[in-house]
Amino acid sequence: MVGLAIGVAGVSVWNDFEKAAEHEEIDSALLADDLPINAYLDKGFQAWLSEHSSQD
Amino acid sequence: MAFRALFAGLILTFSLLSLPQAAVPELRQPAWADLSLEQKQILSPLSRDWDKMEAFRKKKWLGIAKRYPTMKPQEQARVQRRMQDWVSLTPEQRTRARTQYKSLKTAPIEHKEAIRKKWDLYKELPDEEKKRLAEKAASKKTSLKPGTAKPLGLAPKLPATAPLLLPAAAPAAESAPPPVISPAVESTPPPAQADTSASTESTESPAQSVTATPAASAPASGQQ
């Protein structure tokens, strides 16, 4: 039982580090990008884009 | 009997203490005081949060700090300006930003340029209009079943093979609160805003800032 718990915890930690390595590349690019983070998060902007694309 | 149990307990405790370091040496990431001067300068916006961060997040930021010298000065300035905002976002918001960024990254260059121009135009919209759009987005989200959301962006203009821009939020982001665009942030910007710092860039405006609400006040949760 203890071994299983250690195993699960170990996999979880390993997974976190794997994700961190993956995010390192994308986050550095995203943070340096000339389009601000808001543009990716602002749902109003996305709705506006949607309206425009349907009007064009 | 008691002696054997105690002995087994001691062995188990010793194993638990030594196992993570042996199996995952990266678990030991430096404290703020142990960073080099250069790392401290680059990561200075994170100085307050650093020692509370999980090891894997520290590792990611150290990796970004390693890439930092290879960036252009303008990019370096953006990275530093956005660091604090980034850690203040909810895990769902970060996931969504990454998903959208990946989508845009694979789009043709002219498509990216179009999105940037649209963003500049969008920023000029009156606050009432932005509020209406945010409400529209929120109501659309609630009226659509998961997985049926129509891809957003400039998709109709693209060739069929082109990646869609700014698609609907990733499934993981569905529970995230919609970003709130508040004109009030100009006067009293809360710490949890994205890109609220003084900016001379045409692409960023404090008035557009996303207030990373509820979970944003708990930056220790989730991936950063």
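Colleague: Lay out the overall build of chain A in plain terms, naming residues and giving numbers.
Modeller: When you go through chain A residue by residue, the secondary structure sums to three helices and zero strands. In sequence order, the secondary structure elements of chain A are arranged as α-α-α. Out of the 56 residues in chain A, the part that is buried amounts to 41%.

Colleague: Please provide a residue-by-residue account of the overall build of chain B, values included.
Modeller: Secondary structure assignment for chain B yields eight helices and two strands. For chain B, the sequential pattern of α-helices and β-strands runs α-α-α-α-α-α-α-α-β-β. Counting the 224 residues in chain B, one finds 31% classified as buried. Sequence-distant contacts in chain B: of pairs separated by 6 or more residues, those separated by 24 or more amount to 65%.

Colleague: Go over the confidence of the model for chain B with me, naming the residues and quoting the values.
Modeller: Residue and element names in this part refer to chain B. Looking at chain B, pLDDT values average 68 and 51% of them are 70 or higher. Within chain B, no element has a lower average pLDDT than strand β1 (residues 180–181), which sits at 36, and none a higher one than helix α2 (residues 37–42), at 96. Every residue in residues 145–152 scores below 50 in pLDDT, and together they form 13 contacts with partners more than four places removed in sequence or on other chains. A low-confidence stretch, residues 167–221 (pLDDT under 50), is modelled with 121 contacts involving residues beyond four sequence positions or located in other chains. Predicted complex, confidence summary: ipTM 0.81, pTM 0.64.

Colleague: Now, about helix α1 (residues 2–32) of chain A: what can you tell me, with residues and values included?
Modeller: Under the 1.5 Å per step criterion, the end-to-end length of α1(A) is 44 Å for 31 residues, consistent within 8% with the ideal 45 Å. His23(A) marks where α1(A) bends most, by close to 35°. All of the buried residues along α1(A) are Ala20(A), His23(A), Asp27(A), Ser28(A), Leu30(A), Leu31(A) and Ala32(A). Packed against the buried residues of α1(A) are α4 (55–67), α5 (73–88) and α6 (91–105) of chain B.

Colleague: Describe in detail the confidence of the model for chain A, supporting the description with residues and values.
Modeller: On average, residues of chain A score 85 in pLDDT, and 95% of them reach the 70 mark or higher. Ranking the elements of chain A by mean pLDDT puts helix α3 (residues 43–55) of chain A last with 80 and helix α2 (residues 37–41) of chain A first with 92.

Colleague: Provide a residue-level description of the packing of α1(A) against α4(B), including the pertinent values.
Modeller: Remark: α1(A) packs on α4(B), axes separated minimally by 8 Å, with the N-to-C direction vectors making an angle of 30°. By the angle class used here, α1(A) and α4(B) are roughly parallel. Along this stretch, α1(A) crosses α4(B), giving a crossing that reads as right-handed. Across the interface between the two elements, Asp16(A), Phe17(A), Ala20(A), His23(A), Glu24(A), Asp27(A) and Ser28(A) of α1(A) pack against Phe56(B), Arg57(B), Lys59(B), Lys60(B), Gly63(B), Ile64(B) and Arg67(B) of α4(B).

Colleague: I'd love a proper account of α5(B), names of residues and values included.
Modeller: Taking 1.5 Å of rise per residue, 16 residues should cover 22 Å, and α5(B) covers 24 Å from first to last C-alpha, within 8% of that figure. Its axis deflected by about 40° at Arg82(B), α5(B) carries its strongest bend there. Within α5(B), burial applies to Arg78(B), Val79(B), Arg82(B), Met83(B), Gln84(B), Asp85(B), Trp86(B), Val87(B) and Ser88(B). As for α5(B), its buried residues are in contact with α1 and α2 of chain A together with α3 (47–50) of chain B.

Colleague: So what about the environment of Ala39(A)? Which residues, and what values?
Modeller: Checked against the element boundaries, Ala39(A) lands in helix α2. Overall, Ala39(A) belongs to the buried group, with 30 C-beta atoms counted inside 10 Å. Not counting residues within four places of it along the chain, the set of residues in contact with Ala39(A) comprises Phe45(A) and Trp119(B).

Rules used in this analysis
- Residues numbered from 1 in each chain as written.
- Chains lettered and ligands numbered in written order.
- Predicted model: local features only at pLDDT ≥ 70, side-chain atom pairs only at ≥ 80, totals over all residues.
- Helix = DSSP H or I, 4+ residues; strand = E, 2+ residues; numbered from the N terminus.
- Buried ≥ 20, exposed ≤ 12 C-beta atoms within 10 Å, placed from the backbone.
- Contact = placed C-beta atoms within 7 Å.
- pLDDT = per-residue confidence, 0-100.
- Expected span 1.5 Å × (residues − 1).
- Bend = angle between axes of the 7 residues up to and from the residue.
- Axes fitted to C-alpha atoms, helices over the stretch in contact; angles between N-to-C directions.
- Parallel < 35°, antiparallel > 145°, perpendicular 65-115°, else oblique.
- Left-handed = near helix turned anticlockwise from the far one by under 90°.

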